Amino acid sequence: MKRILIHIAVAAILLVGCKGGGEGKKTEMSPENVTETFTRHIASGKFDQAMELCDTTSMQAYIDRCIAVWESLEKNDSSALAIASSLLAGADIKIAKTEKTDIGRDVYYSIEADGNLKEKKATLVKEEGEWRIRTITDVI
């Protein structure tokens, strides 16, 4: 039963975005690095750090949904969430391609954890000299 709950928690965290930085001196990160770092922060529940990599206006609802799913899973079974979070922290994130757009870059990537695979697209824009995630969408 615990294994089923862990699979559900991993799937829920991976799927949360379907609908809809670090300490010290900052160095410029590539769009791919921003995307991977953001994804790892979301997977490990580091929502404040994830938000630092976003266009806060356009990504607030996405982050809020992630927090709501995280809190719901924690309330229902915190040990399953802890295990799922550990699995997601080590998730395999692969960048498939990056495309230049009129407003910035689109980064196509996949996340695989515990047998669950999700393909996503991050749209990034450059704000104040740094790449920021504007949207995360599913690739269908």
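Residues numbered from 1 in each chain as written. Predicted model: local features only at pLDDT ≥ 70, side-chain atom pairs only at ≥ 80, totals over all residues. Heavy atoms only, no water.

**Some thoughts on the overall build of the protein**
Then, in step 1: Looking only at helices and strands, the protein has 5 helices and 4 strands in total.
Then, in step 2: If you list the helices and strands of the protein from N to C, you get α-α-α-α-α-β-β-β-β.
Then, in step 3: Looking at the protein residue by residue over its 140 residues, the buried ones come to 39%. (Helix = DSSP H or I, 4+ residues; strand = E, 2+ residues; numbered from the N terminus. Buried < 20%, exposed > 50% of the residue type's maximum accessible area, 1.4 Å probe, protein only.)

**A few points about the environment of Lys97**
Then, in step 1: With respect to the helices, strands and loops of the structure, Lys97 is situated in strand 1 (residues 92-100).
Then, in step 2: What makes Lys97 partly exposed here is its relative accessible area of 41%.
Then, in step 3: Between the C-alpha atoms of Lys97 and Tyr109, which are 12 residues apart in sequence, the distance is 7.2 Å.
Then, in step 4: For Lys97, the contacting residues outside a window of four places in its chain are Asp106, Val107 and Tyr108. (Contact = heavy atoms within 4.5 Å.)

**Some words on the packing of helix 2 (residues 31-43) against helix 4 (residues 56-76)**
In a packed pair of helices, the relevant descriptors are the angle between the two axes and the axis-to-axis distance.
Then, in step 1: The contact between helix 2 and helix 4 brings their axes to 11 Å, and the two run at 35°. Contact with helix 2, carried on its side by Phe38, Ile42 and Ala43, involves Met59, Tyr62, Ile63, Cys66 and Trp70 of helix 4 and no other residues of that element.
Then, in step 2: Across the contact of helix 2 with helix 4, the residue classes break down as 8 nonpolar, no polar and no charged. (Axes fitted to C-alpha atoms, helices over the stretch in contact; angles between N-to-C directions. Nonpolar A, V, L, I, M, F, W, Y, C, P; charged D, E, K, R; others polar.)

**Comments concerning the sheet that holds strand 4 (residues 130-138)**
Then, in step 1: Reading across the sheet, the 4 strands line up as 1-2-3-4 and stay open at both edges, with antiparallel pairing between neighbours. The sheet terminates laterally at strand 1 and strand 4, the two strands that pair on one side only. Sheet twist, expressed as the average angle between the axes of neighbouring strands with direction ignored, equals 25°.
Then, in step 2: As judged from the 10 bridges shared by strand 2 (residues 104-113) and strand 3 (residues 116-127), these two strands associate in the antiparallel manner. Note that in strand 3 the partner of Arg105 across the bridge is Leu124.
Then, in step 3: Lying over the sheet, helix 2 contacts strand 1, strand 2, strand 3 and strand 4, oriented at roughly 40° with respect to strand 2. (Pairing = 2+ DSSP bridges.)

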